[in-house]
Amino acid sequence: MEVGLEWTAVLIAALAYLSALFAIAHWADRREAAGRSVIASPTIFALSLGVYCTTWTFYGSVGRAATLGIGFLPVYLGPTLLMLLAPLVLRKILRIAKAQRITSIADFLASRYGHSPLLGGLVALTATVGVTPYIALQLKAVAVSFDALTGGGGLGPAEGPFLDHGFLIAAVMALFAIVFGARQIDAAEHHPGMVAAIALESVVKLIAFLAVGLFVVWGLHDGLGSLFDAAAARPDLARLMGSDPALGHTASGNGPWGAWVTTTILSAAAMLCLPRQFQVMVIESVDERHLDRAVWLFPLYLLLINLFVLPVALSGLLSFGGRLDPDLFMVALPLSGGADWLALLAFLGGLSAAAGMIVVESVALSTMLCNDLVMPILLRTRSRALARSADLAPLLLSVRRIAIVTILLFGYGYFRLAGSAYALVSIGLISFTAVAQFAPALIGGLYWRGATRRGAIGGVTAGTLVWAYTLLLPSFARSGWLPASFIADGPWGIAALRPYALFGLEGWDSLAHSLFWTAIANIGAYVGLSLFDRPGAAERAQAAAFVDVFQPASNGAVPLLEAPPDWRSAASVGDLTRVVARFLGPQRAERAFAGADPDEPAGPERLRLAERLLAGAIGGASARVALASSVSAGAVEAAELLRMLDETSDVIAHSRELERKTAELERATDALRAANERLTELDRLKDDFLSTVTHELRTPLTSIRALSEILHDAPDLDIDQRQEFLAVIIKESERLTRLINQVLDMAKIEAGALDWRIETIDAGPALTEAVAATEALFLERGITLSVDIPDHLPPVRGDVDRVIQVVVNLLSNAAKFTPPGGRTRLVARLESGFLRVTVTDSGPGVAAKDRDLVFDRFRQSGDTLTGKPAGTGLGLAIAKRIVEHLGGRIGVADAPAGPDPESGQGAAFWFTLPLAGNPADVPQSEERRE
């Protein structure tokens, strides 16, 4: 590889680019102040999530692909899978964060478990220690890529500490983070300038990666085919194009359940638990609906930025073999191809990836250290000195700025002392495993009410200690800080304590090994301690607020509470105003308590309001300590005020629970009321049915009895008259039979006792038989019946007797409602895999509001005693149940030839039956008309 650029030119380009980021951030802040927010865009939100793609992605993925082929993919599969769960998990976290004014992931966990300062501090420390190697990764990547681009020119490690370009980058990033991430007190508010710059960086690094990929594939080679053919010709490279390096067993013990699954799990947890990801995804979110676009746009971004990872890795191995670190292929390949400008663009892309991560991570960590570690200590140990200060804003900002500088100094120190012992990806995975220790307490806290503060503290502590022993300390041993025997033989020569083979678990990948033991320790302690612990009042209240955040009573609003007697001597409104003003300024405090008498007792409602306001500035745990230590000494002791806060939390929890149960009771009451109304309606219909059946049975029985008596009493009756009477008796007997059969059929259908013979049947003859069975009804009433049944209808699935019964019921219904001289028509047609049969009449029709009701049992149009048509009202109900059992549908519409569609005159009853074969194979036959 030949040097293509002078180090001064590269340094000037880098500083110019960083200056452009400053300008973009300043512009976005000014637009925010003018009320035209740049970050109120779902696209900007989705692009800001691209801060996940650090130099690990830009350089390290190529390095990983050079040894594992597609083994680089799990780092991006994890976040993609997590985005699929966005509606269940991420949306809930966003809702909670806004309701509770969360400032960081440490504040989120502390607030969930009763505003625990100890848990918040523990998470802040763990995150800082765990992410320090990740910051070092960024500095290392920028430093080595600078050397690769310039041939080692300029400031380098040989010049001594604090004189190399790694330190220069750290200093510039610290300045950026201080200017745009640590200049406002309320940490729950947004940083539009920082977010806008991160979104721009995401675009720059994507363009740079795609540009290098296109150049490598079509500039250095003749396309993907040529590149892959050249790689396939070498056995050592051909294996990278298969799955064996990533999924097959290797000497290190990797397997399908090993590095691939482990990295996928860790990357999903990191997407949720890394402080910078929590910052951009939760704290900086302005609208939870933006998740809807991020769900698909962010995975698309990950896909695009990884399109050319494997081709670049293969091209680099073909060009440089083992002479160059694969992490540098992104810069080295354009240089070797004479495209110096593209190499510079690649360097700026990597610089973007590093800058975004460093800035957001340092801002998030500084907020955590300030709110969850430093401030609780100061409020407990220096409360009197702090109480004398009227404005603590400068102190808070100073703490955060010092924290930013300290964090970057630690990252720089790790880079100088231990960074050379690991590839970029290995350093990142150490950090991923560290922050994954927050996942059980975070996910459990969203859905498990029984999770307790002691369980969360125990789980995070146990998991972090195991992580430090199985991953962090071995990294020190590999860097020479600890003896090499610590890894090979274990401490004090105890083989069972070897950090890469703990308790004899050998042959595993070091990452899978660490994840296994940390998961056992973390989840075991979390669940075990929670099961044997009893949560306090504050824990119960916060558990309800987090788990039931989507319930109306858990929207973050403080219920109106009546103050108990012991609140009369508690903090006054003036006390709370002074506390809030000390941290947020007098204007914010006056707006919060406007119109209240300063000497009036604050009461639980205002105390909770003050706590929530302070939580946005110094975190939930510190807010409680600030309230307890800042009220006037004569009003109430700090311990007493904390007790009152817990009691208030307990009352709020019970209030929310009561509201939830009340809502459930109201829903149950509504359901019972609806059921009662339905029963009342059924009872009325039953009475109507009994009245109808009695009437329908009495009429033919009366005729049969009267005519039978005449025949009995007049044996010499004229033969013609006798025959006429006998015909009427037979007709009325058939009518009785039909009525009784309908009642029996309905009873069998309701009881599930009806016999079915579902088979492949010929629909044409069945329809014809039904027409023949009812033809006399139409002749008797002078109604014209026309039939349109195509010849050779395809077979359908059904019960031939029941199909005939359905058609007879529909035709009988049409005959009943069609006036004398009217028309009725039966039509059969093929329609989308079904046979559709329609019976159209010219009767009064069915009003739109009654079209679902006519298929109910006992339903008939008209009054019960007058104007009601003959019949039981069971015919259509029976037809509906038969058709649905056969897999079809039934309904009614206006007759196509009706005089006025709006009037409902003329009805078209229709039903469908599924065809027995593929409708695409059915020939279209000619129609037969009768």
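In this text, all values refer to a predicted model and were calculated from it rather than measured experimentally. (Residues numbered from 1 in each chain as written. Predicted model: local features only at pLDDT ≥ 70, side-chain atom pairs only at ≥ 80, totals over all residues. Heavy atoms only, no water.)

Peer 1: Go over the overall build of the protein, please, and point to the residues and values.
Peer 2: When helices and strands are counted, the protein shows 35 helices and 8 strands. When each of the 930 residues of the protein is scored for burial, the buried share is 54%. Here the analysis covers contacts within the protein between residues at least 6 apart in sequence; of these, 81% occur between residues at least 24 apart. A total accessible area of about 39,300 Å² is found for the protein, and carbon and sulfur atoms account for 60% of it. (Helix = DSSP H or I, 4+ residues; strand = E, 2+ residues; numbered from the N terminus. Buried < 20%, exposed > 50% of the residue type's maximum accessible area, 1.4 Å probe, protein only. Contact = heavy atoms within 4.5 Å. Areas by Shrake-Rupley, 256 points an atom, 1.4 Å probe, with all protein chains shown as cover.)

Peer 1: Which residues make up the packing of aromatic side chains, and what values go with them?
Peer 2: Taken as a whole and assessed by the stated rule, the structure comprises 16 aromatic pairs. Plain terms: the ring middles of Tyr52 and Tyr76 are 6.5 Å apart, the flat faces sit at 85 degrees to each other, and that makes the pair edge-to-face. Pair noted here: Tyr52 is in the loop between α2 (42-48) and α3 (55-68) and Tyr76 is in helix α4 (residues 74-84), with a separation of 24 residues, a long-range link. Per residue, the accessibility class of Tyr52 equals that of Tyr76, and both read buried. (Phe/Tyr/Trp six-rings, centres within 6.5 Å; stacked < 30°, edge-to-face > 60°.)

Peer 1: Please provide a residue-by-residue account of the pattern of salt bridges, values included.
Peer 2: Scanning the entire structure with this criterion turns up 15 salt bridges. The salt bridge partner of Arg91 is Glu288, with a shortest N-O separation of 3.9 Å. Linking Arg91 in helix α5 (residues 90-100) with Glu288 in the loop between α14 (275-283) and α15 (291-305), this pair joins segments that are 197 residues apart in sequence. Accessibility assignment for this pair places Arg91 and Glu288 in one class, buried. Of the charged contacts, one joins Arg836 and Glu831 as a salt bridge, the two residues approaching to 3.4 Å between their closest N and O atoms. You can call Arg836 partly exposed: its relative accessible area is 23%. Under the relative-accessibility criterion, Glu831 is labelled partly exposed at 38%. (Salt bridge = Lys/Arg side-chain N within 4 Å of Asp/Glu carboxyl O.)

Peer 1: Explain the confidence of the model for the protein to me, and be specific about the residues and the numbers.
Peer 2: Taken over all residues, the pLDDT of the protein has a mean of 78, while the share at 70 or more is 76%. Looking across the protein, the model is least confident in strand β8 (residues 927-929), with a mean pLDDT of 34, and most confident in helix α22 (residues 439-447), with 93. Here residues 154-159 scores under 50 on pLDDT; set against residues more than four positions off or in separate chains, the count is 8 contacts. Across residues 862-868 the pLDDT falls below 50, and counting only partners more than four positions away or on other chains, this stretch makes 10 contacts in the model. (pLDDT = per-residue confidence, 0-100.)

Peer 1: So what's going on with the environment of Asp236? Which residues, and what values?
Peer 2: Within the fold, Asp236 resides in helix α11 (residues 235-238). As a C-alpha pair, Asp236 and Leu317 span 81 residues in sequence and 9.7 Å in three-dimensional space. A polar atom in the side chain of Asp236 sits 3.0 Å from the side chain of Arg234. (Polar contact = N/O pair within 3.5 Å; in protein donor to acceptor, adjacent residues only side chain to side chain.)

Peer 1: Before we move on, can you summarise the packing of helix α6 (residues 105-112) against helix α7 (residues 117-150) with the specific residues and values?
Peer 2: Between α6 and α7, whose axes approach to 8 Å, the crossing angle comes to 155 degrees. In terms of their interaxial angle, α6 and α7 are classed as roughly antiparallel. Relative to α7, α6 is oriented so that their crossing is right-handed. Across the interface between the two elements, Ala106, Leu109 and Ala110 of α6 pack against Leu119, Gly120, Val123 and Ala124 of α7. (Axes fitted to C-alpha atoms, helices over the stretch in contact; angles between N-to-C directions. Parallel < 35°, antiparallel > 145°, perpendicular 65-115°, else oblique. Left-handed = near helix turned anticlockwise from the far one by under 90°.)

Peer 1: Provide a residue-level description of helix α25 (residues 510-531), including the pertinent values.
Peer 2: Helical geometry note: an α-helix holds 3.6 residues per turn, so side chains three or four residues apart project in the same direction. A rise of 1.5 Å per residue sets the reference length of α25, with its 22 residues, at 32 Å; its end C-alpha atoms lie 31 Å apart and thus fit the reference within 8%. Looking only at α25, the buried set comprises Leu511, Ala512, His513, Ser514, Leu515, Trp517, Thr518, Ala521, Asn522, Ala525, Tyr526 and Ser530. (Expected span 1.5 Å × (residues − 1).)

Peer 1: Talk me through the environment of Leu392; I want residue IDs and the actual numbers.
Peer 2: On the secondary structure map, Leu392 appears in the loop between α19 (383-387) and α20 (393-417). Accessibility expressed as a relative area gives 4% for Leu392, which makes it buried. Put simply, Leu392 and Phe583 are 191 residues apart on the chain and 5.4 Å apart in space, counted from C-alpha to C-alpha.

Peer 1: I'd love a proper account of α14, names of residues and values included.
Peer 2: In terms of residue burial, α14 counts as a mostly covered element, since 9 of its 9 residues are buried. Of all the residues in α14, the buried ones are Pro275, Arg276, Gln277, Phe278, Gln279, Val280, Met281, Val282 and Ile283.

Peer 1: Tell me about unusual backbone geometry, and please be specific about residues and values.
Peer 2: In the Ramachandran plot, Arg101 falls in the positive-phi region, its phi being about 55 degrees despite a non-glycine side chain. Within the secondary structure, Arg101 is located in the loop between α5 and α6. The backbone of His115 sits at a positive phi, close to 55 degrees, despite the residue not being glycine. Mapping His115 onto the fold places it in the loop between α6 and α7. Note on His115: relative accessible area 8%, which makes it buried.

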